[in-house]
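Tertiary structure, described
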Amino acid sequence: MKILITGAGGFIGKNLISALHARGYDEILFFDADTPMEFLDHYCADCKFVYHLAGVNRPKQQEEFMQGNFGFTDSLLRLLIKHKNRCPVMFASSTQAALPNLYGRSKKAGEELLDQYARETNAKVYVFRFPNVFGKWSQPNYNSAIATFCYNISHDLPIVVNDESVVLNLAYIDDVAESLCDLLDNKVTMEGSYCAVPVVHTAKLGDIANRIRSFRSIRENNTLPDLSDPLTRKLYATYLSFLPVMEFSYPLDMHEDARGCFTEFLRSSYAGQVSVNVSKPGVVKGNHWHHTKAEKFLVVSGSGVIKFRRTDMDDVMEYPVSGKKLVVVDIPVGYTHSIENTGKTDMVTLMWSSECFDPAHPDTIAAEVERT
């Protein structure tokens, strides 16, 4: 199935192409600003579906709004008519089409042209009035405040928020791309006369800026934001896509001594703390217990034994552990416990705690597992 995409090199176009490839659509006809018009003539003769994403939103001259958003749409439809091709056409409009600015008027004119074309040819037309779209491969300092915020903050540059109270309606690029792909299966969400992305987020500009600012501090304090919130999760993914390519990695604060080392990896206010513990051969760590703090240990390399004793009893229980067979060992409250490296190489253990370590309230009481 040959699919024509105008504006294929743009933000939405690149993500749509990736989503189409993931669904097995490989015959994609690319048309962009640098593509000769005679190519479009050939494409309009062969295509079975058109995603019309090409448009102008930051022109050098104001008259380019109508040329790019109305004039090119007219040329595209005339070529489809020339070749008697009545394949479905999707048109990328904007919520700005409801406003009396030049960009909105040009998009509205394109919508009206598509409506007339549908009535005259009986071709299926899908008109999307997109809200603010954000996500990977967007262009900073162009048409997305979120892209600008993510780029500047990830590159340690200042951002400007003119009015923190401005409310934005936001669509994540992956949700947009999936909605567009669904059209090929005749699946569409309607809002009145227009097609719509099913998932739209609403937030104030100041709140968005603050969330993105907080992402930079993750590397300083290892604290993750609440990623159970869908918008925060998508903003964080977008932020990571703007990291400088030479700064993907960052060091952690390792606490080392003769026994090995202990390194905190991640922490969160709602999911606790994850750390990496390395023990040298023969080393025993622990011999303490907790009132409320629950833990899970997972030995991923080396071998050892985890021992338990309920603090009000004498019996000692042992759990052998090894990186050759991954098992999680729960550390219940009220049990003093220890972990010993019984092998000949370093033992590496992933440790999860239900509470982040607080030196003022450590909830760690020393007590030997094996009484003498």
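This structure is a prediction, so every number in the text was calculated from the model and none was measured. (Residues numbered from 1 in each chain as written. Predicted model: local features only at pLDDT ≥ 70, side-chain atom pairs only at ≥ 80, totals over all residues. Heavy atoms only, no water.)

The three strands lie next to each other as β6-β7-β10, forming an open sheet whose pairing is mixed. Bordering the open sheet on either side are β6 (132–134) and β10 (201–204), each of which pairs with just one other strand. Sheet twist, expressed as the average angle between the axes of neighbouring strands with direction ignored, equals 45°. Two strands pair when backbone bridges link them, and β6 and strand β7 (residues 167–172) are joined in this way by three bridges, in the parallel orientation. Pairing of Phe-134 across the sheet is with Tyr-172, part of β7. (Pairing = 2+ DSSP bridges. Helix = DSSP H or I, 4+ residues; strand = E, 2+ residues; numbered from the N terminus. Axes fitted to C-alpha atoms, helices over the stretch in contact; angles between N-to-C directions.)

Bringing the packing of aromatic side chains into the picture now. Under the counting rule described, the total for this entry stands at ten aromatic pairs. The structure contains a cluster of three or more aromatic residues connected by ring pairs, namely Phe-49, Tyr-51 and Tyr-126. Stacked on the ring of Trp-137, the Lys or Arg Lys-136 has its end atom at 5.0 Å from the ring centre. (Phe/Tyr/Trp six-rings, centres within 6.5 Å; stacked < 30°, edge-to-face > 60°. Lys NZ or Arg CZ within 6 Å of the ring centre and 35° of its normal.)

With the rule as written, the count across this model stands at zero disulfides. The cysteine Cys-44 is free of any disulfide, with Cys-47 supplying the nearest cysteine sulfur at 5.4 Å. (Disulfide = S-S within 2.5 Å.)

It is characteristic of soluble globular proteins that their nonpolar side chains tend to be buried jointly. Membership of the largest hydrophobic core comes to 54 residues, with the highest contact counts inside it found for Ile-5, Leu-20, Tyr-51, Met-90, Phe-130, Leu-180 and Ile-212. Looking at this core, the element that brings in the most residues is helix α1 (residues 11–22), giving six residues. Dropping the residues within four chain positions of it, Phe-130 is found in contact with Ile-12, Met-90, Ala-92, Ser-93, Ser-94, Thr-95, Val-176, Leu-180 and Val-197. With 24 residues, the next largest nonpolar core counts Phe-31, Cys-47, Phe-72 and Val-127 among its residues. (Core = buried A, V, L, I, M, F, W, Y, C linked by side-chain atoms within 4.5 Å. Buried < 20%, exposed > 50% of the residue type's maximum accessible area, 1.4 Å probe, protein only. Contact = heavy atoms within 4.5 Å.)

Time to look at the sheet that holds strand β15 (residues 295–301). Pairing in this open sheet of six strands is antiparallel, and the strands run β11-β12-β13-β20-β15-β18 from one edge to the other. Only two strands of the sheet have a single partner each, and these edge strands are β11 (254–257) and β18 (328–331). Ignoring strand direction, the axes of neighbouring strands in this sheet form an average angle of 20°. Sheet analysis places strand β12 (residues 260–268) next to strand β13 (residues 272–279), joined by eight bridges and oriented antiparallel.

Once that is clear, we can look at the environment of Ser-303. Mapped onto the secondary structure, Ser-303 falls in strand β16 (residues 303–310). When the C-alpha atoms of Ser-303 and Arg-105 are compared, they prove to be 69 Å apart, with 198 residues separating the residues in sequence. Those residues in contact with Ser-303 that sit more than four places away from it in its chain are Val-321, Ser-322, Glu-340, Asn-341, Thr-342, Gly-343 and Met-347.

Attention now moves to the side chain of Ser-144. As for its placement among the helices and strands, Ser-144 is situated in the loop between β6 and α5 (145–154). Of the polar contacts made by the side chain of Ser-144, one reaches the backbone nitrogen of Ala-147; its length is 3.1 Å. Apart from the residues within four sequence positions on either side, Ser-144 is in contact with Val-133, Phe-134 and Gln-139. (Polar contact = N/O pair within 3.5 Å; in protein donor to acceptor, adjacent residues only side chain to side chain.)

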